[in-house]
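Residues per chain, in single letters:
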Amino acid sequence: MPTSSKKKAAAQTFRAQQKSPHIRSSGTTPSAPRGMHDILPPDQKYWEYVLEIAMQVMRGWDFQRLDTPMIEEAGLFIRSVGAESDIVTKELFELKSRGGSPAYVLRAEGTAPIVRAFIEHGLRSWPKPIKLCYAGPFFRYDRPQAGRYRQFHQFGMEVFGSAAPVTDAQLMYVQHVLLRQLGLEEYVFLLNTLGDQADRTAYIRALKEHYRRHVRKLCRDCKARLKTNPLRVLDCKEEKCQQVAYTAPRLLDTVSDEAQAHFTQVRTLLDELKVPYEIAPGLVRGLDYYVRTVWEVVPRRPGDPPTGSQTSLGAGGRYDHLVKALGGKDVPAAGGAFGIERLIDAIRREGIDLQLTDTPSVFVAQLGAQAKVGALRVMRLLQEAQIRFAESIDRDGIQPQLKLAERLNVAWVVVVGQKEVIDGTVILRNAESGMQEVVRQEDLVTELRRRLNVPQG
Ligand code: AMP
């Protein structure tokens, strides 16, 4: 940048800072925020693959898409996920709002916003069960590490209006079908029941009793959790805490007969549907709104030992009291979600061939000023026929264009010259042999499809 432009840019930054004193530029070359990632062109095929199959499966099972804003009032997560949860105490991205109130945060998970929208728009009156789905970015101020980001992406499903065990089984079955459709084979559902709220209160008392006897063996975090969020001590990853958890009373054994019967039915259905699952008595999930069935999907085969650092692909559970807790009528509900980054990791790990050709097989070259307009028209034809092409419309000479076509490894070059524009034709050149022939423009798509071995549209 010349010095005068640099001075101008600095003056502009200074003026912007004067207007918004809390906005400062560090002055160094900007980079993506910590724990957040650009998704570069070579990785896009994985995203398209996962999202396309996810939407196809969810829509195919009659889940209707509902999109919510990226930000919500902080109170929504405090009242749903829980004031003492990790998400609320440590992980919310708070926004500085101009008036100061209400306090807004970047959305940290998908269920609470969907429930908020469900109540706000009176969706309760729709024919039941009301099946909704979503996909998009979520934000948690987590410590970034492998598979754990500050901006990550989820898609999920929620079912409102059914308290039946078959709904829990259906959600897991759809998740299982989806994983299979993605080509994944190494996964297992970890399943537990949290019982009902009264069961949980009694259980927490028993749990505290057990942990008080072993308090010296616990890590510092768990000592604090025992006071604020005792269930979470059960899924602490520290070896010494896991040993104490091993001898702790099991929620599974203490829940009411109704909750027990519900859980048995879910398991019977999963057995019949051949969904791979294991019972995980220590699985409590970190969100307050769950009751009865909860699950996580982890990337290992059934029966394989847990690897400790294992991060889940997805999760879900029943949340019968959340609609009411957020000010709606009492509507039972359940839902489940997957993390897209984690699914993509699993797809790479399992070496799944996406069978997507993401590179263009045709190059459109042009020669002469008139031909540029003709070439743009040809590009439109190809795009409408879904034939992927590369081009370099700003170049003039044919040789640099042919060189580029060679570098891109295309099979065919479509050459548009002045004469061809007048005649309504193009030259079709075999990139490998250099053999050329003249083709009428209206036949170009058919001819290319034939040569590329793709079905005629
Ligand atoms: P949760 O909302 O915590 O139940 O998480 C549901 C799914 O979202 C998990 O199974 C992960 O696949 C994904 N997920 C949650 N937190 C993160 C994160 N910080 N980074 C990447 N993926 C995440």
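What this report covers is the structure whose coordinates are included nearby.

## Points about the packing of helix H2 (residues 44-60) against helix H13 (residues 340-349)
(1) Moving on: As a packed pair, H2 and H13 sit with axes 10 Å apart at the nearest point and diverge in direction by 110°. In this view, H2 runs roughly perpendicular relative to H13, as classed from their interaxial angle. Contact residues: H2 offers Tyr-46, Trp-47, Tyr-49, Val-50 and Leu-51, while H13 offers Ile-340, Glu-341, Leu-343, Ile-344, Ile-347 and Arg-348.
(2) Moving on: Residues of the contact of H2 with H13, tallied by class, amount to nine nonpolar, no polar and two charged.

## A word on the site of the ligand
(1) Moving on: Contacts to the ligand come from 14 residues, most closely from Arg-140, Tyr-149, Gln-154, Arg-285 and Ser-312.
(2) Moving on: Residue Gly-339 places a main-chain N or O atom 3.2 Å away from an oxygen atom belonging to the ligand.
(3) Moving on: For the ligand, whose unbound accessible area comes to 480 Å², protein coverage reaches 92%.
(4) Moving on: Listing elements by their share of the shell around the ligand, those giving two or more residues are strand E6 (151-160) and strand E10 (314-318).
(5) Moving on: Of the residues that constitute the shell around the ligand, the class distribution is four nonpolar, five polar and five charged.

## Description of a nonpolar patch on the surface
(1) Moving on: There is a patch of nonpolar side chains on the surface, built from Met-70, Ile-71 and Leu-95 and spanning about 220 Å² of accessible area.
(2) Moving on: With respect to the helices and strands, Ile-71 occurs in strand E2 (residues 71-73).

## Considering helix H9 (residues 239-246)
(1) Moving on: Buried within H9 we find Cys-241, Val-244 and Ala-245. Taken around the axis of H9, the buried residues stretch over an arc of 105°, which confines them to a single face. Exposed and facing more than 90 degrees away from the buried side of H9 are Glu-239, Gln-243 and Tyr-246.
(2) Moving on: Lining the buried residues of H9 we find helix H7 (197-213) and helix H8 (220-228).

## With respect to the pattern of salt bridges
(1) Moving on: A full pass over the atoms with the stated rule returns 21 salt bridges.
(2) Moving on: When the shortest N-O distance is used, the salt bridge between Arg-285 and Glu-296 registers 3.2 Å. Here Glu-296 lies in strand E9 (residues 291-298) and Arg-285 lies in the loop between strand E8 (277-279) and E9, a separation of eleven residues in the sequence.
(3) Moving on: For Arg-285, a relative accessible area of 14% gives the class buried.
(4) Moving on: With relative accessibility at 17%, the residue Glu-296 sits in the buried group.

## Looking at the pairing of strand E12 (residues 362-367)
(1) Moving on: Most of E12 is tucked away, with five of its six residues classed as buried.
(2) Moving on: Where E12 meets strand E13 (residues 389-391), three bridges bridge the pair, whose relative direction is parallel. Counted as the bridge partner of Phe-363 is Ala-390 from E13.
(3) Moving on: Handedness of the crossover joining E12 and E13 through helix H14 (residues 369-384): right-handed.
(4) Moving on: As judged from the six bridges shared by E12 and strand E14 (residues 412-417), these two strands associate in the parallel manner. Note that in E14 the partner of Leu-367 across the bridge is Gly-417.

## Remarks on the nonpolar core
(1) Moving on: Core analysis: the largest hydrophobic core is formed by 59 residues, its most contacted members being Phe-77, Phe-118, Leu-132, Phe-160, Leu-207, Tyr-211 and Leu-234.
(2) Moving on: Take this core: its biggest share by element is five residues, from helix H5 (residues 111-120).
(3) Moving on: Those residues within four positions of Phe-77 in sequence are excluded, and the remaining contacts are Glu-72, Gly-82, Val-88, Leu-92, Val-105, Arg-107, Ala-108, Glu-109, Ala-112 and Pro-113.
(4) Moving on: In this structure, Tyr-46, Val-159, Leu-313 and Leu-354 belong to the second largest nonpolar core, which totals 44 residues.

## What about the environment of Val-255?
(1) Moving on: Along the chain, Val-255 falls in the loop between helix H10 (251-254) and helix H11 (257-273).
(2) Moving on: A C-alpha to C-alpha distance of 8.8 Å links Val-255 and Ala-198, two positions 57 residues apart in sequence.

Conventions we followed
- Residues numbered from 1 in each chain as written.
- Predicted model: local features only at pLDDT ≥ 70, side-chain atom pairs only at ≥ 80, totals over all residues.
- Heavy atoms only, no water.
- Axes fitted to C-alpha atoms, helices over the stretch in contact; angles between N-to-C directions.
- Helix = DSSP H or I, 4+ residues; strand = E, 2+ residues; numbered from the N terminus.
- Parallel < 35°, antiparallel > 145°, perpendicular 65-115°, else oblique.
- Contact = heavy atoms within 4.5 Å.
- Nonpolar A, V, L, I, M, F, W, Y, C, P; charged D, E, K, R; others polar.
- Near = heavy atom within 4 Å.
- Polar contact = N/O pair within 3.5 Å; in protein donor to acceptor, adjacent residues only side chain to side chain.
- Areas by Shrake-Rupley, 256 points an atom, 1.4 Å probe, with all protein chains shown as cover.
- Patch = residues over 30% accessible without salt bridge, like charges linked within 9 Å, V, L, I, M, F, W, Y side chains within 5 Å.
- Salt bridge = Lys/Arg side-chain N within 4 Å of Asp/Glu carboxyl O.
- Buried < 20%, exposed > 50% of the residue type's maximum accessible area, 1.4 Å probe, protein only.
- Arc of directions from axis to C-beta.
- Pairing = 2+ DSSP bridges.
- Right-handed = clockwise from strand over helix to strand, strands pointing away.
- Core = buried A, V, L, I, M, F, W, Y, C linked by side-chain atoms within 4.5 Å.

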